[in-house]
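Single-letter residue listing:
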Amino acid sequence: MRNSLFIALTALLYAGCATSPVDTVVLTMDDSTGESFTSLRDPLRLATDRPGLSVVGKDYLLVAPVVLTGTSNTGQYLWFGIGSTVDRSLNGAPAPDFDRIVLEVDGSLMTFELTDWQDTASNEPFDVPVRITRTFATPVTNSQLDKIAGASEQHAYVTNSEHRSPRYALVHGEPRDWMELYSAPSIFGETSLASQTSPKRP
C-alpha cells in the first residue's frame with residue numbers, strides 16, 4: 001500500500017497567519033520512492049452527457065497541475081484522469097479512443113499530447129470519487145497555466161486523428177484556485193512553484 005504523508009501547506013507554512021489561506025494546496029510525499037507531488041487538493045472535473053448510452057451516466061475528464069520532484073522526471077505537469085459512470089457493458093459501446101486532449105479556454109484551443117502517467121511517476125497524485133480508468137501526464141508551461149487559470153470559460157474534448165468526443169463542460173472546481181500554486185512558497189526552497197523547471201527526461 002502506498003505510504004504517503006499529506007501536508008496542507010497552510011499548516012506547514014502559514015501557521016497562525018489568518019491572512020494567507022492556502023488550504024487547497026497539498027504536498028504528497030512517498031517515502032518508498034522519494035517522489036513528491038505538490039498540487040491542489042482536488043482536480044477540476046469536467047463532464048459530458050452520453051444520452052445515447054445512458055440516461056444519467058456521464059463521461060468525466062479530470063485535470064490539475066502537479067509539480068513532481070524526487071525523480072528523473074522532475075517538472076511541472078498537467079495530470080489528466082479519464083473516467084465514466086456510463087456502463088458500456090450493457091450495450092457493448094467502446095470506451096473513448098484518443099491520444100490528445102484539447103482544452104478550450106475562452107474560445108482558444110490548447111492541444112496536449114499525452115503520456116501514460118505511470119511512465120512519468122510511480123504513484124497517482126489524487127484519490128478521486130469518480131471511477132477513473134486511465135491517467136495521463138503532459139508537460140505544461142507557466143504561460144499555459146496562467147491562460148487556463150485566468151479564463152472565464154473552460155471546456156474540453158478528447159480526440160485522435162479520426163474523431164473527437166462530445167464537448168466536456170466544467171462541473172466541479174475553480175480554475176482560479178490554480179493561482180494558489182504560484183503564491184504558495186515551496187518547501188524545497190523556491191519562492192514560487194511556478195519557478196519549477198521544465199520536466200527533465202533521462
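Above this note sits the structure.
First, a word on what this report is: a plain description of the structure on this page.

Calculation criteria
- Residues numbered from 1 in each chain as written.
- Predicted model: local features only at pLDDT ≥ 70, side-chain atom pairs only at ≥ 80, totals over all residues.
- Heavy atoms only, no water.
- Helix = DSSP H or I, 4+ residues; strand = E, 2+ residues; numbered from the N terminus.
- Contact = heavy atoms within 4.5 Å.
- Areas by Shrake-Rupley, 256 points an atom, 1.4 Å probe, with all protein chains shown as cover.
- Phe/Tyr/Trp six-rings, centres within 6.5 Å; stacked < 30°, edge-to-face > 60°.
- Buried < 20%, exposed > 50% of the residue type's maximum accessible area, 1.4 Å probe, protein only.
- Lys NZ or Arg CZ within 6 Å of the ring centre and 35° of its normal.
- 1 Å grid on protein atoms, 1.4 Å probe; cavity = no way out; pocket = protein on both sides within 12 Å on 5 of 7 lines; lining within 4 Å.
- Points joined across faces, edges and corners; volume = space filled by probe spheres on them.
- Nonpolar A, V, L, I, M, F, W, Y, C, P; charged D, E, K, R; others polar.
- Arc of directions from axis to C-beta.
- Pairing = 2+ DSSP bridges.
- Core = buried A, V, L, I, M, F, W, Y, C linked by side-chain atoms within 4.5 Å.

1. Some points on the overall build of the protein
Right, on to step 1. Each helix and strand counted, the protein has three helices and twelve strands in total.
Right, on to step 2. Contacts spanning at least 24 positions in sequence make up 65% of the contacts within the protein whose residues lie at least 6 apart.
Right, on to step 3. A total of about 10,000 Å² of accessible surface is found on the protein, and carbon and sulfur atoms cover 51% of it.

2. Remarks on the packing of aromatic side chains
Right, on to step 1. Counted by the stated rule, this structure contains five aromatic pairs.
Right, on to step 2. An angle of 80° between the planes, with centres 6.3 Å apart, marks the rings of Tyr 77 and Trp 117 as edge-to-face. Of this pair, Tyr 77 sits in strand β6 (residues 75-84) while Trp 117 sits in the loop between β9 (115-116) and β10 (132-139), placing them 40 residues apart in sequence. Each member of the pair Tyr 77 and Trp 117 is classed as buried.
Right, on to step 3. The interplanar angle of 50° and the centroid separation of 6.1 Å between the aromatic rings of Phe 80 and Phe 112 together place this pair among those described as tilted. Residue Phe 80 is located in strand β6, and its partner Phe 112 is located in strand β8 (residues 108-113); the two are separated by 32 residues in the primary sequence. Take Phe 80 and Phe 112: they sit in the same class, and that class is buried.
Right, on to step 4. An aromatic cluster is present here, built from Phe 37, Tyr 77 and Trp 117 joined pairwise through their rings.
Right, on to step 5. Stacked on the ring of Phe 98, the Lys or Arg Arg 134 has its end atom at 5.8 Å from the ring centre.

3. Examining empty space enclosed by the protein
Right, on to step 1. Scanning the model with the defined rule gives three cavities of 30 Å³ or more in all.
Right, on to step 2. Approximately 60 Å³ is the volume found for the largest cavity.
Right, on to step 3. In terms of lining, the largest cavity is formed by Leu 44, Leu 46, Val 63, Leu 103, Val 105, Ile 148, Gln 154, His 155, Leu 170 and Trp 178.
Right, on to step 4. Considering only residue class, the lining of the largest cavity consists of eight nonpolar, two polar and no charged.

4. A closer look at unusual backbone geometry
Right, on to step 1. Non-glycine residue Asp 106 carries a positive phi angle of around 50°.
Right, on to step 2. Turning to its location among the elements, Asp 106 is positioned in the loop between β7 (100-105) and β8.
Right, on to step 3. We classify Asp 106 as partly exposed; its relative accessible area is 44%.

5. Section: helix α2 (residues 142-150)
Right, on to step 1. Within α2 the residues assigned to the buried category are Leu 145, Ile 148 and Ala 149. Projected onto a plane normal to the axis of α2, the buried residues spread over an arc of 95° and lie on a single side.

6. As for the pairing of β10
Right, on to step 1. In this sheet, β10 lies alongside β6 in antiparallel orientation, the contact comprising seven bridges. Paired with Gly 81 across the two strands is Thr 135, which belongs to β10.
Right, on to step 2. Sheet analysis places β9 next to β10, joined by two bridges and oriented antiparallel. Residue pairing across strands places Asp 116 opposite Phe 136, the latter belonging to β10.

7. Quick notes on the nonpolar core
Right, on to step 1. Among the nonpolar cores identified, the biggest contains 27 residues, and Leu 61, Leu 78, Phe 80, Leu 103 and Trp 178 are the most heavily contacted of them.
Right, on to step 2. When residues of this core are traced back to their parent elements, those giving at least two are β4 (44-49), β5 (58-69), β6, β7, β8, α2 and β11 (154-159).
Right, on to step 3. In this view, Trp 178 contacts Leu 40, Leu 44, Val 63, Ala 64, Pro 65, Leu 78, Leu 145, Ile 148 and Ala 149; residues no more than four positions away in its chain are not counted.

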